[in-house]
Amino acid sequence: MTYDPTRVFKKLARNNRLANFRLHQTCLQLTDEELVAPRTSFFPTIRETLNHIYLVDVFYLDAMKGGSLGHSVFGESEPYREMAALAEAQAALDMDLIAFVDGLDAAGLAATVHVHRGHRVQEDRCDDILSHLLQHQTHHRGQVHAMLSGTRLKPPQLDEFIVGDDAPVRKTELQALGWTETDLMFPV
């Protein structure tokens, strides 16, 4: 069997979509007051944290696709005030990330990405930017998970999307997204 250096990123991009979906399904059950209630974390509310996740995704995906939006992405810290609109926008962005990653090959992973940071342009490999972006997502989803502990809702499990043994506990999310186990384990 040949090693495919893109496989891990394909799986992680799908994990990202599934974890965001599961987290948003829980957050959609919160009232507007619960979404903006002060909480202990890096950002003071669930809504601010979820908007931050979205904006950083826009920032890095734009850079990886050759764009130059840079810090203009952060002009408004909470572009989405309604949870349903935020969940929809994040879902579209997650699918865009999957499509981007699915289009990569070994050369694409090693390609230089130019990240526009105001007065300078950061240059890093695409695989490093992807690793950073996916870690950023995980980090802040964990914060939302912790903040949900202070609400009436139970925080959802967010780490059941990588290995084959987790198939029974991700079945609901796969069905909701119209995915199969083969889609998630791509390529097997």
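Rules used throughout
Residues numbered from 1 in each chain as written. Predicted model: local features only at pLDDT ≥ 70, side-chain atom pairs only at ≥ 80, totals over all residues. Heavy atoms only, no water. Helix = DSSP H or I, 4+ residues; strand = E, 2+ residues; numbered from the N terminus. Rg over C-alpha atoms; globule rule 2.2 N^0.38 Å. Contact = heavy atoms within 4.5 Å. Areas by Shrake-Rupley, 256 points an atom, 1.4 Å probe, with all protein chains shown as cover. Lys, Arg positive; Asp, Glu negative; His and termini not counted. Charge placed at Lys NZ, Arg CZ, Asp CG, Glu CD. Buried < 20%, exposed > 50% of the residue type's maximum accessible area, 1.4 Å probe, protein only. Salt bridge = Lys/Arg side-chain N within 4 Å of Asp/Glu carboxyl O. Core = buried A, V, L, I, M, F, W, Y, C linked by side-chain atoms within 4.5 Å. Polar contact = N/O pair within 3.5 Å; in protein donor to acceptor, adjacent residues only side chain to side chain.

Draft legend 1. View of the overall build of the protein. Each helix and strand in the protein was counted, giving 8 helices and 2 strands. Of the regular secondary structure in the protein, the N- to C-terminal order runs α-α-α-α-α-β-β-α-α-α. For 188 residues, the compact-globule formula gives about 16 Å, and the C-alpha radius of gyration of the protein, at 17 Å, lands near that figure. Taken along its principal axes, the extent of the C-alpha atoms in the protein is 45 × 45 × 25 Å. Here the contacts in the protein between residues at least 6 apart in sequence split such that 70% fall between residues at least 24 apart. Per element, the accessible surface of the protein, about 9500 Å² overall, is 55% carbon and sulfur. Distance from the positive charge centre (18 side chains) to the negative charge centre (26 side chains) of the protein: 3 Å.

Draft legend 2. Layout of the environment of Phe42. Topologically, Phe42 is positioned in the loop between helix H2 (32–36) and helix H3 (46–64). Accessibility expressed as a relative area gives 61% for Phe42, which makes it exposed. When near neighbours in sequence (up to four residues on either side) are disregarded, Phe42 contacts His140 and Gln143.

Draft legend 3. Representation of the pattern of salt bridges in the model. Enumeration according to the criterion identifies 10 salt bridges in this entry. In this structure, Glu160 and Arg22 form a salt bridge, with 2.8 Å as the shortest nitrogen-oxygen distance. Of this pair, Glu160 sits in the loop between helix H6 (126–148) and helix H7 (167–177) while Arg22 is found in helix H1 (residues 7–27), placing the two residues 138 residues apart along the sequence. The pair Glu160 / Arg22 is uniform in exposure class, with both members buried. Notably, a salt bridge pairs Arg22 with Glu173, separated by 2.8 Å at the nearest N-O pair.

Draft legend 4. Fine view of the nonpolar core. Residues Cys27, Ile46, Leu50, Met64, Leu97, Leu130 and Val144 are the most contacted members of the largest nonpolar core, which totals 49 residues. Of all the elements in the fold, those that place two or more residues in this core are H1, H3, helix H4 (83–102), strand E1 (112–116) and H6. Ranked by residue count, the leading element in this core is H3, at 12 residues. Once residues lying within four places of it in the same chain are set aside, the contact partners of Leu50 are Leu23, His24, Cys27, Met83, Leu86 and Val144.

Draft legend 5. Structural context of the side chain of Arg170. Within the fold, Arg170 resides in helix H7. A polar atom in the side chain of Arg170 sits 2.6 Å from the side chain of Glu181. Those residues in contact with Arg170 that lie beyond four places of it in its chain are Arg22, Glu160, Phe161, Ile162, Val163, Gly164, Glu181, Leu184 and Met185.

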